[in-house]
Amino acid sequence: KTFRGDNALVRHALLNPIDALYDTLQKSLESQSFTLLEKFGISADPLQCDLPDQVVPLTKLSVLSVMDLDASIVKLHDLIVHLNIEGHAKHEALLESLQSLENGLAQEIETWVKQYCDGPQSPIFGAGIVDHVAAIFSGLRRWIEAHLQNVLVNAIAVRKAILLRLRRILSGEQKGDLTEYWLDFMNRKVLKFLETLGFEASAVGDDYTIHPPKNMMDVYDNLEILESVMSPEKANETGALEFLSVITDEIYNGPVGQLELEMFD
């Protein structure tokens, strides 16, 4: 009676536990499916790679990693093919492993049912919960097989992303991008430092051979600032030494610097 007059509360009570069940089963399926693959000689490590925003981990950027991934892809494809070849020895062994995985997931469903449907909450759910659980239970085998297909599709996408990034590195394109990044980084940092000393960046335009500076005093002042910064005797006074120390540390020890060193080590 408490929930009968509030459809939003009924929907919340019904769907949230179902969502939790889906999440639990998905996590179990992901971990147990890789265990299953290991039984058939398929290395799970190369396949366990997600690509958020197509970011490839540095540990995957090697010819050996691609070879390992290729081997896993071929074996996984072969395994999926044998799902449909009845009478084959691998088919029978695979069905046995799939049945074991299915039984494990079914056990988790039964545990969930006891928790949510045999207790005081059961009057809230009614028949709707039975339909949801029955649909999940009856579709376990198809869900497992679809998950293996998704692992294969993801592995192929990972392989493509790795090869693309390796190609950019080996062709020098990646190094060119990093070079441009560091040149722009240093230009911005140096200009900001000079401006703290009174440097006027707009004193000389890019087209100064055509359009002379409007204020030559700014040019002279800039020259004096540059000479003082470059002078060993005034390095401490201008803060040039401290600036060089800070920017050098940021270049070599910052996240981008470390990435570059690891990539080209």
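Basis of the calculations
- Residues numbered from 1 in each chain as written.
- Predicted model: local features only at pLDDT ≥ 70, side-chain atom pairs only at ≥ 80, totals over all residues.
- Heavy atoms only, no water.
- Helix = DSSP H or I, 4+ residues; strand = E, 2+ residues; numbered from the N terminus.
- Buried < 20%, exposed > 50% of the residue type's maximum accessible area, 1.4 Å probe, protein only.
- Contact = heavy atoms within 4.5 Å.
- Areas by Shrake-Rupley, 256 points an atom, 1.4 Å probe, with all protein chains shown as cover.
- Salt bridge = Lys/Arg side-chain N within 4 Å of Asp/Glu carboxyl O.
- Phe/Tyr/Trp six-rings, centres within 6.5 Å; stacked < 30°, edge-to-face > 60°.

## Structural notes on the overall build of the protein
- Helices and strands together make up the secondary structure of the protein, namely 11 helices and 0 strands.
- Its helices and strands in sequence order give the protein the pattern α-α-α-α-α-α-α-α-α-α-α, from N to C terminus.
- The buried share among the 265 residues of the protein stands at 31%.
- Summarising the internal contacts of the protein: among those between residues at least 6 apart in sequence, 74% fall at separations of at least 24.
- For the protein, the computed accessible surface area is about 17,200 Å², with 56% contributed by carbon and sulfur atoms.

## Notes on the pattern of salt bridges
- Counted according to the given criterion, the structure contains 4 salt bridges.
- Between Arg141 and Glu102 there is a salt bridge, with the nearest N and O atoms lying 2.9 Å from each other. Of the two residues, Arg141 is situated in helix α6 (residues 140-170) and Glu102 in helix α3 (residues 89-117); the sequence distance between them amounts to 39 residues.
- For Arg141, a relative accessible area of 21% gives the class partly exposed.
- Ionic pairing is found between Arg188 and Asp184, a salt bridge with its closest N-O pair at 2.9 Å. With a gap of 4 residues between them, Arg188 and Asp184 both fall in helix α7 (residues 173-196), about one helical turn apart.
- Taking the relative accessible area as the measure of exposure, Arg188 reaches 44% and is therefore partly exposed.
- The partly exposed category is assigned to Asp184, whose relative accessible area is 40%.

## Some details on the packing of aromatic side chains
- Under the defined criterion, the tally for this structure stands at 4 aromatic pairs.
- Where Tyr181 meets Trp182, the ring centres are 5.0 Å apart and the plane angle is 75 degrees; that geometry is what we call edge-to-face.
- When its relative accessible area of 35% is taken as the criterion, Tyr181 is described as partly exposed.
- Look at Phe193 and Phe243: their rings are 4.5 Å apart centre to centre, the planes differ by 10 degrees, and that puts the pair in the stacked class. Here Phe193, found in helix α7, pairs with Phe243, found in helix α10 (residues 240-253); they are 50 residues apart in sequence, far enough to count as distant.
- Look at Phe193 and you get buried, because its relative accessible area is 12%.
- Members of the aromatic cluster, each reached through a chain of ring pairs, are Tyr181, Trp182 and Phe185.

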